[in-house]
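Fold and contact review
Each chain, letter by letter, is given below.
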Amino acid sequence: LLTVVLAWNCTPEPEPDTGLVTWSAQMEAARGALEGKDLAAAQLHYEAAADLARADGRLRLVVRSLEGLAHQAAGRGDLAAADSLFQSILALQLDSLRTTGVAADDLLTTLGTLGDICLRTKQLDRADAYFSQLMSLADDGWIDLTPQRQHLSLVLAGQARVLLAQGDSMAASAMGAR
């Protein structure tokens, strides 16, 4: 009787999330390939991770996979591919912003990176638009750019770099003083 009572109070082990386990293995393989300088293998693993995440409908995991591909593209100097991938990431984040909530830091990172890529490729109007979009999202309450957080200074520095690249050093200095 004691055995029956004890067995009755036991809770079964939760089933492992095989989709997450498989995705994590692909991401880990990608990181290992990068450490071993095997860029082609890393790309294949990131792509496989993205496909797995899409099939499972896991936005955050798709984004993380695409970020790996985007950073890899930027690292090899393919800013056009990095830009395209980060635009895809931003579209996913903005589409889900109001329904599932995207972490503010994720939006800040994506928009800031797009702004930086545009600055590096001399697309100043686009760079300005990305940094301005950050300010708009803050004005709408979606992200926190209060002075207590370092993100505000990063956004203002991005806007100042755009102004400086446009030849407006007075406005850039004023922006830096904010």
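The following refers to the structure shown. (Residues numbered from 1 in each chain as written. Predicted model: local features only at pLDDT ≥ 70, side-chain atom pairs only at ≥ 80, totals over all residues. Heavy atoms only, no water.)

**A short note on the overall build of the protein**
Scanning the protein from terminus to terminus reveals 9 helices and 0 strands. The N-to-C order of helical and strand elements in the protein reads α-α-α-α-α-α-α-α-α. When burial is assessed residue by residue, the protein has 37% of its 178 residues classed as buried. About 10,500 Å² of surface is accessible on the protein, with carbon and sulfur atoms providing 57% of the total. (Helix = DSSP H or I, 4+ residues; strand = E, 2+ residues; numbered from the N terminus. Buried < 20%, exposed > 50% of the residue type's maximum accessible area, 1.4 Å probe, protein only. Areas by Shrake-Rupley, 256 points an atom, 1.4 Å probe, with all protein chains shown as cover.)

**A look at the pattern of salt bridges**
All told, the structure shown has 10 salt bridges when counted by the stated rule. Arg64 is paired through a salt bridge with Asp106; the nearest N and O atoms lie 3.1 Å apart. With a gap of 42 residues between them, Arg64 in helix H4 (residues 59–75) and Asp106 in helix H6 (residues 104–120) connect regions that are remote in the sequence. Classification of Arg64 as partly exposed rests on a relative accessible area of 27%. One salt-bridge network, in which partners are shared between bridges, spans Arg60, Arg64, Glu67 and Asp106. (Salt bridge = Lys/Arg side-chain N within 4 Å of Asp/Glu carboxyl O.)

**Concerning unusual backbone geometry**
Phi is positive for Lys37, close to 65 degrees, though the residue is something other than glycine. Looking at the element boundaries, Lys37 is found in the loop between helix H2 (18–35) and helix H3 (39–56). Its identity is not glycine, yet Lys122 carries a phi of approximately 60 degrees, on the positive side. Within the secondary structure, Lys122 is located in the loop between H6 and helix H7 (124–139). Lys122 sits in the exposed class, given a relative accessible area of 67%.

**Examining the nonpolar core**
By size, the foremost hydrophobic cluster in this structure holds 40 residues, and its most contacted members are Leu66, Leu134 and Ile143. Looking at this core, the elements that each hand over two or more residues are H2, H3, H4, helix H5 (79–97), H6, H7 and helix H8 (150–165). (Core = buried A, V, L, I, M, F, W, Y, C linked by side-chain atoms within 4.5 Å.)

**Here's the deal with the packing of H5 against H7**
Interhelical geometry of H5 versus H7 gives an angle of 20 degrees and a closest axis separation of 14 Å. By the angle between their directions, the pair H5 and H7 is classed as roughly parallel. Crossing hand, H5 versus H7: left-handed. The residues of H7 that touch H5, namely those facing Asp83, Gln87, Leu90, Leu94 and Leu97, are Arg126, Tyr130, Gln133 and Leu137. Here the residues of the contact of H5 with H7 sort into 5 nonpolar, 2 polar and 2 charged. (Axes fitted to C-alpha atoms, helices over the stretch in contact; angles between N-to-C directions. Parallel < 35°, antiparallel > 145°, perpendicular 65-115°, else oblique. Left-handed = near helix turned anticlockwise from the far one by under 90°. Contact = heavy atoms within 4.5 Å. Nonpolar A, V, L, I, M, F, W, Y, C, P; charged D, E, K, R; others polar.)

**Some remarks on the packing of H3 against H4**
Axis separation between H3 and H4 bottoms out at 8 Å; the angle between their running directions is 160 degrees. In terms of orientation, H3 and H4 fall into the roughly antiparallel class. Where H3 crosses over H4, the handedness of that crossing is left-handed. Here Leu39, Ala42, Gln43, Tyr46, Glu47, Ala49, Ala50, Ala53 and Arg54 of H3 lie close against H4, whose contacting residues are Leu61, Val62, Ser65, Leu66, Gly68, Leu69 and Gln72.

**Some remarks on the side chain of Gln72**
Looking at the element boundaries, Gln72 is found in helix H4. Its relative accessible area of 8% is what places Gln72 among the buried residues.

**Here we look at H7**
Here H7 is 16 residues long and its end C-alpha atoms lie 22 Å apart, about the 22 Å a rise of 1.5 Å per residue gives. Positive phi appears at Gly141, one or two residues downstream of H7, with a value of about 85 degrees. (Expected span 1.5 Å × (residues − 1).)

**A closer look at the environment of Asp56**
Tracing the backbone through its elements, the reader meets Asp56 in helix H3. Exposure remark for Asp56: the relative accessible area of 41% places this residue in the partly exposed category. A C-alpha to C-alpha distance of 10.0 Å links Asp56 and Trp23, two positions 33 residues apart in sequence.

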